[in-house]
Amino acid sequence: MLINMNQLLSVAKKNNFAVGAYNVSNAELLKSAVEQCEEDNAPAIIAVHPTEMAYAKDDFFAYVLQRIRNSKIPFVLHLDHGDTLENVARAIHNGFSSVMIDASLEEWQNNVDITRKTVDMCHLVGVSVEAELGTIGQTGNHIKEHLQNGIYTKPEDAERFVDETGVDTLAVGIGTAHGIYPTDVEPKIRIDILKQITDVVDIPLVLHGGSSNPDSQIADAVHNGISKVNISSDYKYAFFKEARKILKEDDGWDPNNLFPKAIEAAKEVVHHKNELFDSLDKADLYQGMDPWRGQLL
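Rules used throughout
Residues numbered from 1 in each chain as written. Predicted model: local features only at pLDDT ≥ 70, side-chain atom pairs only at ≥ 80, totals over all residues. Heavy atoms only, no water. Helix = DSSP H or I, 4+ residues; strand = E, 2+ residues; numbered from the N terminus. Buried < 20%, exposed > 50% of the residue type's maximum accessible area, 1.4 Å probe, protein only. Contact = heavy atoms within 4.5 Å. Areas by Shrake-Rupley, 256 points an atom, 1.4 Å probe, with all protein chains shown as cover. Phe/Tyr/Trp six-rings, centres within 6.5 Å; stacked < 30°, edge-to-face > 60°. Lys NZ or Arg CZ within 6 Å of the ring centre and 35° of its normal. Salt bridge = Lys/Arg side-chain N within 4 Å of Asp/Glu carboxyl O. UniProt positions renumbered as here; feature names shortened; annotations may be inferred. Polar contact = N/O pair within 3.5 Å; in protein donor to acceptor, adjacent residues only side chain to side chain. Axes fitted to C-alpha atoms, helices over the stretch in contact; angles between N-to-C directions. Parallel < 35°, antiparallel > 145°, perpendicular 65-115°, else oblique. Left-handed = near helix turned anticlockwise from the far one by under 90°. Nonpolar A, V, L, I, M, F, W, Y, C, P; charged D, E, K, R; others polar.

Visitor: Give me the overall build of the protein chain: which residues, what numbers.
Guide: Looking only at helices and strands, the protein chain has 12 helices and 10 strands in total. The buried share among the 297 residues of the protein chain stands at 55%. Across the protein chain, the fraction of contacts at a sequence separation of at least 24, relative to all contacts at a separation of at least 6, is 74%. In the form shown here, the protein chain has an accessible surface area of approximately 13600 Å², with 48% of it arising from carbon and sulfur atoms.

Visitor: Would you mind going over the packing of aromatic side chains in detail, with residue names and values included?
Guide: Counted under the stated rule, the structure contains seven aromatic pairs. With 5.4 Å between their ring centres and 70° between their planes, F60 and F61 make a pair best called edge-to-face. The pair F60 / F61 is uniform in exposure class, with both members buried. Chaining the aromatic ring pairs together yields one cluster made of F60, F61, Y63 and F96. Here the guanidinium or amino end of R190 rests over the ring plane of Y152, the centre of that ring lying 5.3 Å away. In this arrangement the basic side chain of K282 is found over the ring face of F17, its NZ or CZ atom lying 5.5 Å from the centre.

Visitor: If you had to explain unusual backbone geometry to someone new, which residues and values would you point to?
Guide: In the Ramachandran plot, N16 falls in the positive-phi region, its phi being about 60° despite a non-glycine side chain. Structurally, N16 is set in the loop between α1 (5-14) and β1 (19-23). Residue N16 is classed as partly exposed on the basis of its relative accessible area, which comes to 36%.

Visitor: Give a detailed account of the environment of S98, specifying residues and quantitative values.
Guide: Summarising the element assignment, S98 is placed in strand β4 (residues 98-101). Measuring from C-alpha to C-alpha, the distance between S98 and L77 comes to 6.2 Å, with 21 residues separating the pair along the chain. Setting aside chain neighbours within four positions, we find S98 in contact with M5, V76, L77, H78, L79, V127 and S128.

Visitor: Before we move on, can you summarise the environment of L194 with the specific residues and values?
Guide: Positionally, L194 belongs in helix α9 (residues 191-200). Here the alpha-carbon distance between L194 and L205, two residues 11 residues apart in the chain, equals 9.0 Å. In this structure L194 touches I174, L205, A221, N224 and I226, once residues within four positions along its chain are discounted.

Visitor: Kindly report on the pattern of salt bridges, identifying the contributing residues and their values.
Guide: Pairing is possible between side chains that carry opposite charge, provided their charged atoms lie close to one another. Counted according to the given criterion, the structure contains 12 salt bridges. In this structure, R67 engages E38 in a salt bridge whose closest nitrogen and oxygen atoms are separated by 2.7 Å. Separated by 29 residues along the polypeptide, R67 in helix α4 (residues 58-69) and E38 in helix α2 (residues 27-40) bring together distant segments of the chain. On the accessibility criterion, R67 (23% relative accessible area) is partly exposed.

Visitor: Can you lay out the side chain of K267 for me, pointing to particular residues and giving the numbers?
Guide: Position of K267 among the secondary structure elements: in helix α12 (residues 255-276). K267 sits in the buried class, given a relative accessible area of 8%. Not counting chain neighbours up to four residues away, the residues in contact with K267 comprise K31, S32, E35 and Q36.

Visitor: Explain the UniProt feature "active site" (unreviewed entry) in the protein chain residue by residue, including any values.
Guide: Under the UniProt annotation, the feature "active site" (unreviewed entry) is placed at D80. Looking at where D80 falls in the secondary structure, it is placed in strand β3 (residues 75-82). Taking the relative accessible area as the measure of exposure, D80 reaches 5% and is therefore buried. Leaving out residues up to four positions away in the same chain, D80 has contacts with N23, A47, V48, H49, P50, M100, H208 and N230. Among the polar contacts made by the side chain of D80, one reaches the side chain of N23 at a distance of 3.3 Å.

Visitor: Kindly report on the packing of α2 against α12, identifying the contributing residues and their values.
Guide: With their axes 8 Å apart at the nearest point, α2 and α12 run at an angle of 50° to one another. It follows from the interaxial angle that α2 and α12 lie oblique. The two elements α2 and α12 meet at a crossing, and its hand is right-handed. Facing α2, whose interface residues are E28, K31, S32, A33, E35, Q36, C37 and D40, α12 presents F259, I263, A266, K267, V270, H271 and N274. When grouped by side-chain class, the residues that make up the contact of α2 with α12 number six nonpolar, four polar and five charged.

Spelled out as C-alpha cells, the structure:
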C-alpha cells in the first residue's frame, strides 16, 4: 500500500514509534528493505537521494511503485535531500508520495522561501514535504568536523519555520551526521534539545544520520519524539561486506550466486532497526486506511 508521509507518520507519532527510511538505488537493496519490512509487518519508507534517482533512472521507479502498491504493508516512496524544485518535480512525475527539500545550508529566508514553494506545489497533488533546519552534515571525512561544528536546531526557530512554511515533517539537527562514524568519534544525540523542540512543534520530527549511532541513543530519541529515522550506510555496509566476501572466496559473478547472501545480511540490519524503532507489527495500525482520503475508515 502506497501512502504519503502525513498518513504514515501521524499514526507513528500518535503511537510513539518511529518508521525506518531505507535508501535504495537498485532492485537488490529494494528487495532487502521491502521483504524484511513485510516479514516484520512493519511500515516503512523507501527513500531515494537525487544521485540515486539519477543512477536508477525513471523506469526503475515504475517497478518500485508496482512492488509497494501491491504490498499489504504501508510504504512511502520518498525523495531524500532533494536540492532543487526540478528534482522535486521529477519525483512527483515518478509517483513519489513524499519529498524532502533541503535548503538547510541557505540563509533563513531562502530556506523558508524554497520550502514554501515546494509545499505549495506538492500539496496540490497530495504529496507530503519534509524540510531540514539545523545541519546534519555530509558523509565521509566531513563527519568529525560536522560533529564539532554542526548547527543544532533552535526550538524557537523550529516553531517559526513550521509556521512560515507549512511543512509536514521536519528534520532536526540534534547531534547526528550522515555515514559511518570513524572509530575515534563517539556521537551524542542531544535529547535535551529534542525535548525542547517537541514542546513547541506538533508535526512529526525526523532524525537523519541514523546509521552507526548507539542503539540506546536512537531508542531514546524515538521515545522522546522522533517519528522517522533515516538508514542508509548501516544496511548497505552489511550488504556489500557480504558481497565482497563472496567475490573473494568464490567465482560468484552470477547475480543469483552473489546477491542472496548479501540480501540476507542487509535484511538482518533492517530487522534490527525495525525492532529498535519499535515498528514491528505496527502495520496492523494502518488496517482500513484509505490512501486517497488519508484517513482510517
